[in-house]
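# Chain and residue survey
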Amino acid sequence: SVFAVTGGSVDLIGTGFYDFYPGNGNYVDLDGSTGYGNSPASQLTSLASFGAGAYTLSFQLGGNARGAAPKTTVVSLGNWSTSITLNSGDPLSTYTFSFNTTGGNLVFGENGPSDQQGNILDNVGLTAGVPEPATWALMISGFGMAGVALRRRRAFA
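## Topic: the overall build of the protein chain
- Scanning the protein chain for helices and strands turns up one helix and 10 strands.
- Ordered by position in the sequence, the α and β elements of the protein chain form the string β-β-β-β-β-β-β-β-β-β-α.
- Burial statistics for the protein chain: of 157 residues in total, 34% are counted as buried.
- Within the protein chain, counting contacts between residues at least 6 apart in sequence, those at least 24 apart form 74% of the total.
- Total accessible area on the protein chain is roughly 8500 Å²; 58% of this is exposed by carbon and sulfur atoms.

## Here's the deal with the sheet that holds strand 8 (residues 93–101)
- The strand order across the open sheet formed by five strands is 2-3-10-5-8, and the pairing between neighbours is antiparallel. Each having just a single partner strand, strand 2 (11–13) and strand 8 make up the two edges of the open sheet. Strand-to-strand twist of the sheet, defined as the mean angle between neighbouring strand axes without regard to direction, takes the value 35°.
- Judged from the seven bridges that link them, strand 5 (residues 53–62) and strand 10 (residues 120–128) form a sheet pairing that is antiparallel.

## Some details on the packing of aromatic side chains
- Summed over the entire model, instances satisfying the criterion amount to nine aromatic pairs.
- Each ring, one from Trp80 and one from Phe97, has its centre 5.6 Å from the other, and the planes form 55°; the classification is tilted. Of this pair, Trp80 sits in strand 7 (residues 80–86) while Phe97 is found in strand 8, placing the two residues 17 residues apart along the sequence.
- Overall, Trp80 belongs to the buried group, its relative accessible area being 14%.
- Here the aromatic residues Phe3, Phe50, Tyr55, Phe59, Trp80, Tyr95, Phe97, Phe99 and Phe108 are joined through ring pairs into a cluster of three or more.
- We note Arg66 situated over the ring of Tyr18; from NZ or CZ to the ring centre the distance is 5.1 Å.

Parameters at a glance
- Residues numbered from 1 in each chain as written.
- Predicted model: local features only at pLDDT ≥ 70, side-chain atom pairs only at ≥ 80, totals over all residues.
- Heavy atoms only, no water.
- Helix = DSSP H or I, 4+ residues; strand = E, 2+ residues; numbered from the N terminus.
- Buried < 20%, exposed > 50% of the residue type's maximum accessible area, 1.4 Å probe, protein only.
- Contact = heavy atoms within 4.5 Å.
- Areas by Shrake-Rupley, 256 points an atom, 1.4 Å probe, with all protein chains shown as cover.
- Pairing = 2+ DSSP bridges.
- Axes fitted to C-alpha atoms, helices over the stretch in contact; angles between N-to-C directions.
- Phe/Tyr/Trp six-rings, centres within 6.5 Å; stacked < 30°, edge-to-face > 60°.
- Lys NZ or Arg CZ within 6 Å of the ring centre and 35° of its normal.

Just distances and angles here, no functional claims.
Structure, rendered in structure tokens:
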């Protein structure tokens, strides 16, 4: 998905410029270099709006790597939301969440006030249609009942 900055600022950093996680290419500093004291420090909002349903969201998030105080990144889509607080030295790690939502835009926000040293975001992926365990159970029992019906039909033929 493509994102727009809808609050504060972000910086694209990485290869050749503030390469805190070498070998990972470019990534987003969620507290950009335009000013101090902004609240929120940044907000990235997907240009696409997503419908209600089940989703799996995966992304990498790491600490600011510059010795700043812990930073909190808030991730939301519709009525689903989570907050992740990282210390400066926390490594770039993969986070994966499966959830149901009312739908809307995917948002990554960094709480303020800004100090130009934000958490690092990379490799965002969102997939739809991941069934819940109850849905799997219903589907499997449906297949089982269809198999029983076919067996009975063959027995009478």
